[in-house]
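Here is what each chain is made of, one letter per residue.
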Amino acid sequence: MSRILVILRLAARDLRRHPAEAVLILLVIAVTTTTLTVGLALYGVTDKPYQHTRTATAGPDLVVSMRPGQSADALIHASAVTGHSGPYPVASTILHAGGHTTPVIAAGRDRTPAAVDQPTLTQGSWVSEGGVVFERSFADALGVHVGDQVTLSGRTFHIVGTAVTAAIPAYPSSLCNTGCAVLPRSWLNGSRSPSPGLVWLTRTAAQRLATTPDSLSYLLNLKLADPAAAPAFVAAHTSDSAAESSWQQIRDVDNLVVKNEQLVLQVGSWLFGLLAMAGLAVLVGRRMVEQTRRVGLLKAVGGTPGLVAAVLLAEHLALALSAAVAGLAAGWLTAPLFASAGAGLVGTPDTPSVTLSTIGLVVTVALTVAVAATLVPAIRAARTSTVAALTDAARPPRRRAWLIALSARLPIPLLLGLRLTSRRPRRGILNVLSIAVTVTGIVAILTNYSFLADHLSSDVDNPRIDRMNQVMAMITVLLVILAAVNMLFITWATVLDARRSSALARALGATPQQVSAGLTAAQALPALIGTTLGIPTGVLLNKILRQGILTVPPLWWLLAVLVGTVLAVAGLTAIPARIGARHPAAETL
């Protein structure tokens, strides 16, 4: 018990003596745990709005898109079917509204309510002669309102209402995201996927809008005795001339808004975890350099190597646990901001919950980051001999003939930078890792932007892409901030570690400017390597997330990342490097 108290007291004293570093470590790990908590808490939150919409609209269990002339009798009279509506004519046409031109699915409906799939009005009235009803999220994206005039296939209509449905995924998804029997050739524009909106009008009006054979299809809504068996019904009644979609498929497409956010947040949390690990390892290593004599004193008064390692581990495990608690609380409070399923559904999503499994995973990640970053420096400190620790002599450089031969021909700043990097190879590797992780995240996000621009861009705002872009922008900012903090850790650790060698270089004729430039070069060289590794890794990460679709962003984007990263690192490290280089050489020596 007394041993544990000694460890806790020493750890608490260390934290009180270095409050700024403790706060930085806490924030870095808390960013990781917060992001991970939000990503885990969003699981399943949008199921409730879809079920509300499905109940309010008498949503079908199965939606069948059929070609003209195909009989629906076999499906309607199947033993598992208990009700139906349709088939309704569906025209695939072009809409001009609010200054936008976009493809649209115009579904013909009866003026009387349907027993299966009757869209619920959120504003205005139902279909009428010369009137059109817009799916609500599509109307919001276009910026149109009840009473506005629109044009469909050259015919003028007035918007008489907006509504929601559970039978067709909300904009920017559409019937074709789950299965449509007809896809007009006019919609196909190179590699870009069409994102048609949904409107309802009378049967007669819909049939008039179908001006070509490939622009007319029919929609049949079915109710089953067992809604859970809808996927099995689809598998048993597959047809080449029809496309069948179960309500589970439609629900999953509607949930993509939140699922995409969840994926980005979870990937971001793992990148943050790697950055936190690299930064914490450098900080711990620097602390051990500063406290070498203290380690010797502990061992001289009877402290075992295990005690020395346990003090360091206890200090950072306490910070990790605090960061996990803070991250869980912040994530639980922040998650509702990401939980909205959009305007295409009614009802509010479930409040994101933090389950025991989420708590366990978040705490495990926080502790893993702390242990992985602290273990090696702690073991190294524990193995240091008492005499060597008490002496705290300068660490002699390792002489490498090839490095001496290479650096001797370089300008003085590069010579100093290369030799400083070679003296602490582990720190250089952590620097490379930190930059590589940051660049990987940034390039993956840029690659995703490029993919969306090539395949999904349109004249109309895409709420799913807008939401995803907002989350990715947040991840990018946090990545850059964490990388900047790591870079300051690494630069200051290098400055402190190179005090004697820098003073010796100045005594031998190097100017403070050359020493400062050398310290900056010691960070720029690993940054160049890390950026070079991070660019292809980011493209590969996006390919994995896109399930094998390879997208390469424009070359000038990648060159801008390469040059910008190196310049940013050089600029960020210039100030601490200059401060360290100006310390009087005589005092240091």
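To keep things clear, this report deals only with the structure shown in the data block. (Residues numbered from 1 in each chain as written. Predicted model: local features only at pLDDT ≥ 70, side-chain atom pairs only at ≥ 80, totals over all residues. Heavy atoms only, no water.)

Observations concerning the overall build of the protein
Here is step 1: Regarding its fold elements, the protein presents 21 helices and 10 strands.
Here is step 2: Burial statistics for the protein: of 589 residues in total, 50% are counted as buried.
Here is step 3: Partitioning the contacts of the protein with sequence separation of at least 6, the portion at a separation of at least 24 is 84%.
Here is step 4: Only carbon and sulfur atoms are counted for the fraction: they give 64% of the accessible area of the protein, which is about 26000 Å². (Helix = DSSP H or I, 4+ residues; strand = E, 2+ residues; numbered from the N terminus. Buried < 20%, exposed > 50% of the residue type's maximum accessible area, 1.4 Å probe, protein only. Contact = heavy atoms within 4.5 Å. Areas by Shrake-Rupley, 256 points an atom, 1.4 Å probe, with all protein chains shown as cover.)

Some thoughts on the packing of aromatic side chains
Here is step 1: Scanning all chains against the criterion turns up 4 aromatic pairs.
Here is step 2: Aromatic side chains Trp 126 and Trp 200 sit 6.0 Å apart centroid to centroid with 45° between the ring planes, which places their arrangement in the tilted category. Taken together, the residues span a long stretch of sequence, with Trp 126 in the loop between strand 4 (120-124) and strand 5 (131-135) and Trp 200 in strand 8 (residues 197-202) at a distance of 74 residues.
Here is step 3: We classify Trp 126 as buried; its relative accessible area is 12%.
Here is step 4: Residue classification places Trp 200 among the buried residues on the basis of a relative accessible area of 2%.
Here is step 5: Centroid distance Trp 556 to Trp 557: 6.1 Å. Interplanar angle 90°. Geometry classified as edge-to-face.
Here is step 6: Overall, the relative accessible area of 61% leaves Trp 556 in the exposed class.
Here is step 7: Overall, the relative accessible area of 24% leaves Trp 557 in the partly exposed class.
Here is step 8: Within the aromatic cluster, the residues linked to one another by ring pairs are Phe 134, Phe 138 and Tyr 171.
Here is step 9: The ring of Trp 247 carries Arg 54 above its face, with NZ or CZ at 4.5 Å from the centroid.
Here is step 10: Of note, Arg 109 hangs over the ring of Tyr 88, and the distance from its end group to the ring centre comes to 4.2 Å. (Phe/Tyr/Trp six-rings, centres within 6.5 Å; stacked < 30°, edge-to-face > 60°. Lys NZ or Arg CZ within 6 Å of the ring centre and 35° of its normal.)

So, the pattern of salt bridges
Here is step 1: Going through the model one piece at a time under the given rule, you end up with 5 salt bridges.
Here is step 2: The partner of Asp 117 in a salt bridge is Arg 109, and the shortest N-O contact between them spans 3.2 Å.
Here is step 3: Looking at Asp 117, the relative accessible area reads 4%, which means it is buried.
Here is step 4: With a relative accessible area of 5%, Arg 109 lands in the buried category. (Salt bridge = Lys/Arg side-chain N within 4 Å of Asp/Glu carboxyl O.)

Points about unusual backbone geometry
Here is step 1: A positive phi angle, near 50°, is found at Ala 58, a position not held by glycine.
Here is step 2: Tracing the sequence through the fold places Ala 58 in the loop between helix 3 (47-56) and strand 1 (62-66).
Here is step 3: Phi is positive for Ser 153, close to 50°, though the residue is something other than glycine.
Here is step 4: Among the secondary structure elements, Ser 153 is positioned in the loop between strand 6 (149-152) and strand 7 (155-164).

Describing the environment of Ser 153
Here is step 1: According to the relative accessible area criterion, Ser 153 is partly exposed, its value standing at 29%.
Here is step 2: Between the C-alpha atom of Ser 153 and that of Leu 209, which follows or precedes it by 56 residues, the distance is 6.1 Å.
Here is step 3: Excluding anything up to four places from it in sequence, Ser 153 contacts Thr 93, Ile 94 and Leu 209.
Here is step 4: Only 2.2 Å separates the side chain of Ser 153 from the side chain of Thr 93, close enough to count as a polar contact. (Polar contact = N/O pair within 3.5 Å; in protein donor to acceptor, adjacent residues only side chain to side chain.)

Section: the nonpolar core
Here is step 1: Core analysis: the largest hydrophobic core is formed by 46 residues, its most contacted members being Ile 29, Leu 42, Leu 265 and Ile 475.
Here is step 2: For this core, the secondary structure elements donating two or more residues are helix 2 (19-41), helix 9 (256-290), helix 11 (305-334), helix 12 (356-383), helix 16 (425-455) and helix 17 (463-497).
Here is step 3: A total of 12 residues in this core trace back to one element, the largest contributor, which is helix 9.
Here is step 4: Every residue in contact with Leu 265, bar those within four places of it in the chain, is listed here: Thr 35, Val 38, Gly 39, Leu 42, Phe 338, Val 471, Met 474 and Ile 475. (Core = buried A, V, L, I, M, F, W, Y, C linked by side-chain atoms within 4.5 Å.)

Observations regarding the side chain of Ser 246
Here is step 1: Assignment of secondary structure puts Ser 246 in strand 10 (residues 242-246).
Here is step 2: Those residues within four positions of Ser 246 in sequence are excluded, and the remaining contacts are Asp 61, Leu 62, Ala 230, Pro 231 and Val 234.

Examining the side chain of Thr 32
Here is step 1: Inspection of the secondary structure assignment puts Thr 32 in helix 2.
Here is step 2: For Thr 32, the contacting residues outside a window of four places in its chain are Ser 269, Phe 272, Gly 273, Ala 276 and Val 365.

Things to note about helix 8 (residues 247-254)
Here is step 1: In terms of burial, helix 8 is a largely internal element, 6 of the 8 residues being buried.
Here is step 2: Every buried residue belonging to helix 8 is among Trp 247, Gln 248, Ile 250, Arg 251, Val 253 and Asp 254, and all of these are buried.

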